[in-house]
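Coordinate inspection notes
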Amino acid sequence: QLQLVESGGGLVQAGDSLRLSCAASGRTISRYPMGWFRRAPGKEREFVAAISWNTDITYYADSVKGRFTISRDNTKNTVYLQMNSLKPEDTAVYYCAAGRALAHPTSFNAAYDFWGQGTQVTVSS
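Because the structure is predicted, anything quoted here is derived from the model rather than measured.

Quick notes on the rules
- Residues numbered from 1 in each chain as written.
- Predicted model: local features only at pLDDT ≥ 70, side-chain atom pairs only at ≥ 80, totals over all residues.
- Heavy atoms only, no water.
- Salt bridge = Lys/Arg side-chain N within 4 Å of Asp/Glu carboxyl O.
- Buried < 20%, exposed > 50% of the residue type's maximum accessible area, 1.4 Å probe, protein only.
- Helix = DSSP H or I, 4+ residues; strand = E, 2+ residues; numbered from the N terminus.

A look at the pattern of salt bridges
Taken as a whole, this structure holds five salt bridges when the rule is applied. In this structure, Asp 62 and Lys 65 form a salt bridge, with 3.1 Å as the shortest nitrogen-oxygen distance. According to the relative accessible area criterion, Asp 62 is exposed, its value standing at 66%. Asp 113 serves as the salt-bridge partner of Arg 100, at 3.0 Å between the closest nitrogen and oxygen. Taken together, the positions of Arg 100 in the loop between β9 (92–99) and β10 (112–115) and Asp 113 in strand β10 put the pair 13 residues apart, joining distant regions of the chain. On the basis of relative accessible area, Arg 100 is assigned to the partly exposed category, the value being 44%. Among the residues examined, Asp 113 registers a relative accessible area of 39% and is labelled partly exposed. Residues participating in the shared-partner salt-bridge network are Arg 38, Glu 46, Arg 67 and Asp 90.

The following block contains the structure:
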């Protein structure tokens with residue numbers, strides 16, 4: 001069974017940067033598309049970014065485009081989310097997710113079969 005554990009969240013000020021990590025265990029993620037999602041207080045979970053298994057394709061939500069970068073190191077079985085120029089509206093619990101082997105990365109929740117427990121990111125103004 002694939003397990004995902006996020007880390008790197010915290011409390012920062014607007015304009016700061018954070019790098020989230022998602023460490024996978026139980027199986028290699030080298031053939032899986034990976035995604036980051038987030039849930040802000042009182043809101044539905046929303047797509048943030050996704051990356052193909054071979055890193056050729058990345059997708060971003062419009063709200064984070066140009067500020068966030070998703071990457072992966074398959075040798076370390078880890079996915080990252082570099083977040084720059086953070087804004088208070090980025091405050092949320094951030095979740096890592098793994099899709100189906102060799103599938104195209106997508107922004108749809110239902111396409112992801114494995115989820116981490118999340119890491120809190122709080123951005124103060």
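Here the narrative resumes.
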